[in-house]
Amino acid sequence: MKYFNYILIILGAVVAMYAKAEEQQNQYILIAGIVVLMIGVYRIAKTIPSKNDNDSHEANN
């Protein structure tokens, strides 16, 4: 599942660069690439624990 997130990020970046590289930019493809990129980043960021969560657990103990 972790590799799926990385594939989403790479795929989104490639699609966004492809849409930006054309002389006549297709904004819908660019937006779709950015959305896929952001979904991948969000899914990875969701798995990283918050620093504030660790601090609040230590303060309670």
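The structure under discussion appears in the preceding block.
In what follows, the accompanying structure is described. Keep in mind that what you see is a predicted model, and the values were worked out from it rather than measured. (Residues numbered from 1 in each chain as written. Predicted model: local features only at pLDDT ≥ 70, side-chain atom pairs only at ≥ 80, totals over all residues. Heavy atoms only, no water.)

### Notes on the overall build of the protein
The condition is simple: Put simply, DSSP marks the helices as runs of H or I at least four residues long and the strands as runs of E at least two long, and each gets a number from the N terminus on. For each residue, the accessible area found with a 1.4 Å probe, counting protein chains only, is set against the maximum for its type, and the residue is called buried under 20%, exposed over 50%, and partly exposed in between.
What the protein contains, in helices and strands, is 3 helices and 0 strands. The order of α-helices and β-strands along the protein, N terminus first, is α-α-α. For the protein, buried positions account for 13% of its 61 residues.

### Section: a nonpolar patch on the surface
The condition that has to hold: Without a salt bridge and with relative accessible area above 30%, a residue can belong to a patch; like charges are then joined within 9 Å and nonpolar side chains (Val, Leu, Ile, Met, Phe, Trp, Tyr) within 5 Å. The method behind every accessible area is Shrake-Rupley, applied with a 1.4 Å probe, and residues are considered shielded solely by the protein chains displayed. Throughout this description, the term salt bridge denotes a Lys or Arg side-chain nitrogen within 4 Å of a carboxyl oxygen of Asp or Glu.
A cluster of nonpolar residues, Tyr-3, Tyr-6, Ile-7 and Leu-11, forms a patch on the protein surface that exposes about 460 Å² of accessible area. In this structure Ile-7 comes out as exposed when scored by relative accessible area, which is 52%.

### Description of helix α2 (residues 27-47)
For clarity, the cut-off: The span one expects for a helix is its residue count, reduced by one, times 1.5 Å. Each direction from the helix axis to a C-beta atom contributes to the arc, which is the arc of those directions. Note on definitions: a residue-residue contact is assigned when non-hydrogen atoms from the two residues lie within 4.5 Å.
Over its 21 residues, α2 extends 31 Å from the first C-alpha to the last, a length consistent with the 30 Å expected when each residue adds 1.5 Å. Looking at α2, one finds that the buried residues are Leu-30, Gly-33 and Gly-40. The buried residues of α2 occupy one face: seen down the axis, they fall within an arc of 95 degrees. In α2, the exposed positions angled more than 90 degrees off the buried face are occupied by Gln-27, Tyr-28, Tyr-42 and Lys-46. Along its buried surface, α2 packs onto α1 (2-21).

### What to know about the environment of Leu-37
Within the element layout of this structure, Leu-37 appears in helix α2. Accessibility expressed as a relative area gives 21% for Leu-37, which makes it partly exposed. C-alpha of Leu-37 to C-alpha of Asn-5: the two residues are 32 residues apart in sequence and 9.2 Å apart in space. Look past the residues within four positions of Leu-37 in its chain and what remains in contact with it is Leu-8, Ile-9, Gly-12 and Ala-13.

Distances and angles like these do not, on their own, reveal function.
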